Structure formats: structure tokens, C-alpha cells
Amino acid sequence: MQRSAPRLSRILACAAVPVMLVAAGCSSGSDSGDKGSGAPDTASSSSSAAPQPTPTKKVEPAKFAKLPDVCKSITTKTIDTLVPKAKNKKGTAANSSDLTSRGGCAWNGLEDKGVKGSQYRWLDVSFYRYESDATLGSGQQRAAENFTKELGKVQATEGAKNLRTTVAGGVGDQANTVTYQLRKTDEDFTYATVVSRTGNVVVVLSYNGAGYAGAKGPSESWIVNGAINASKEALAAVAAANK
């Protein structure tokens, strides 16, 4: 009984002070061995620690920083060969809000051969350049993805007949040629569209033609060869513009 007297005295003393002080002081003096509020609050310390910054994802730099003058990407000699009697040998530029990212140009002409009829030709080329982006990928990766999309658009040409897709070897980093026939203005047009890519730039070049007034239209091989040769010039123009 005598041993418990000091403990009883402490309990009675604590009962006489405010509740908040009991929690802060009297409980720490109990026989339970509790270290009390003096112990560090590890939960609070960890929760108040500054968040670690998320590391920035690194992507490969875009290979090409700019596009060539699109209407000068095909040589005058090639235009004379593929589009005889072109209305404008310098080409007609497409409207573009950002010439560093996209641009286009077209040539067309009708060669009148008198009693032998007439020959109509059309050539157009479009360039698409992609920047590297930490969230979207490198310019090369984005161009490869959009290469597939542009190829799909050509393959989905409405009204196309005898459509075929072949690999165009030796044209850029990757290239496909899509050939087909299309009926327009009561004539059968032969088309060849080459979708190619060099680095972070996609080039879509289309060449087509037809014979009028009884004239025989161009052969498919002529159209295909013309489109491939012109595509090589367009790709070379990209490299030359970035030297």
C-alpha cells in the first residue's frame, strides 16, 4: 500500500489541472514508459518534404530544321519533261500558314497535238515536317507515323480502280508508290502517287495524265517513272535546304 502512495498522489494532482495539460504533461510521467510528445513526428516530416521534380524525357533531335522552297524542289528540266506546255513553269504554291512545317506546289498543262488529240498532265508535291516533342516523340518517329497516315489517305481515294501499292526502293528512308486509274471529265486518268520520307519530313508527290480528243493516254510505266524521279528530286531538295 505504501508503494502505491506516490503514484496515487500523481493521479490526484493530474486530475486537478486542465485536460490539455493532462495530455501534454501528466501522462508522460506515468509508469507506462511512454516517451510522450517529445518523440519526433516522422509522418509529419515525410508529408511536408518537397516533391521531387519529374525528370524531362529526352528525345532524338529532329534531323531537318526547315523545308525547301517547294516550287523550286522540282527542276525546270523535269517539269518540261513531265508537264509539257505547263501553264506556269514556276508552279502554283499552295496556301500555308507555316512554311517551315508544310508546303505544296502544283503544275498542270495541256499539250495540243492537233488532229492527234491532246495530252493533259498534272504534277503536285506536298511537304510535311515534324519537330521532336518530349510528349509526342522524335521528329523522325512522328514522320514515320504520319507517313503511314498519308499512305492510307491515298489508298482510300474514292473511285480509284485497279489500285496497287508497291515499295519504291531507293527513295528516301522509306517510300511506297500507289498506282490507280480514275475517271474524270469523261476521260480515264492514270495516277501514280509516291509517299516517301526522309528523316522527319514526309513528301507526297502525285503525277497523273490523260489523252483528250481521241489521243491515247500515257502508259502506267511512264507515269510511275516520272513520279519516282520527281520524288527523288524533292527529297534531295530537303537535304540541300538544310546544309
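Notes on the structure in this doc start here. Here the structure is a predicted model, which means the values were calculated and not measured.

**Considering the state of the cysteines**
- In total, this model carries one disulfide according to the counting rule given.
- The side chain of Cys71 participates in a disulfide bridge whose partner is Cys105; the two sulfur atoms lie 2.0 Å from each other. Residues Cys71 and Cys105 are joined by a disulfide whose S-S torsion is about 100°; by sign, that bridge is right-handed. In this pair, Cys71 sits in the loop between helix H3 (42–47) and helix H4 (76–82) while Cys105 sits in strand S2 (residues 102–112), placing the two residues 34 residues apart along the sequence.
- Note on Cys105: relative accessible area 3%, which makes it buried.

**With respect to the pairing of strand S4 (residues 161–167)**
- Where S4 and strand S5 (residues 174–184) come together, five bridges link them in antiparallel fashion. By the bridge assignment for S5, Thr166 is matched with Thr177.
- Taking the residues between adjacent antiparallel strands as the criterion, S4 and S5 are bridged by six residues, where Gly170 takes a positive phi near 75°.

**Some thoughts on the side chain of Thr193**
- Here Thr193 lies in strand S6 (residues 187–198).
- Since its relative accessible area comes to 3%, Thr193 is described here as buried.
- A distance of 3.2 Å separates polar atoms of two side chains, one belonging to Thr193 and the other to Ser206.
- Filtering out sequence-adjacent residues up to four positions away, Thr193 remains in contact with Val154, Asn176, Thr177, Val178, Tyr180, Val204, Leu205 and Ser206.

**Focus on helix H6 (residues 220–241)**
- Taking 1.5 Å as the rise per residue, H6 with 22 residues should run 32 Å; its terminal C-alpha atoms sit 32 Å apart, in good agreement.
- Looking only at H6, the buried set comprises Ile223, Val224, Gly226, Ala227, Ile228, Ala230, Ser231, Ala234, Leu235, Ala237, Val238 and Ala241.
- Looking at the buried residues of H6, the elements they touch are H4, strand S3 (118–129), S5, S6 and strand S7 (201–212).

Criteria and cut-off values
Residues numbered from 1 in each chain as written. Predicted model: local features only at pLDDT ≥ 70, side-chain atom pairs only at ≥ 80, totals over all residues. Heavy atoms only, no water. Disulfide = S-S within 2.5 Å. Helix = DSSP H or I, 4+ residues; strand = E, 2+ residues; numbered from the N terminus. Buried < 20%, exposed > 50% of the residue type's maximum accessible area, 1.4 Å probe, protein only. Pairing = 2+ DSSP bridges. Polar contact = N/O pair within 3.5 Å; in protein donor to acceptor, adjacent residues only side chain to side chain. Contact = heavy atoms within 4.5 Å. Expected span 1.5 Å × (residues − 1).

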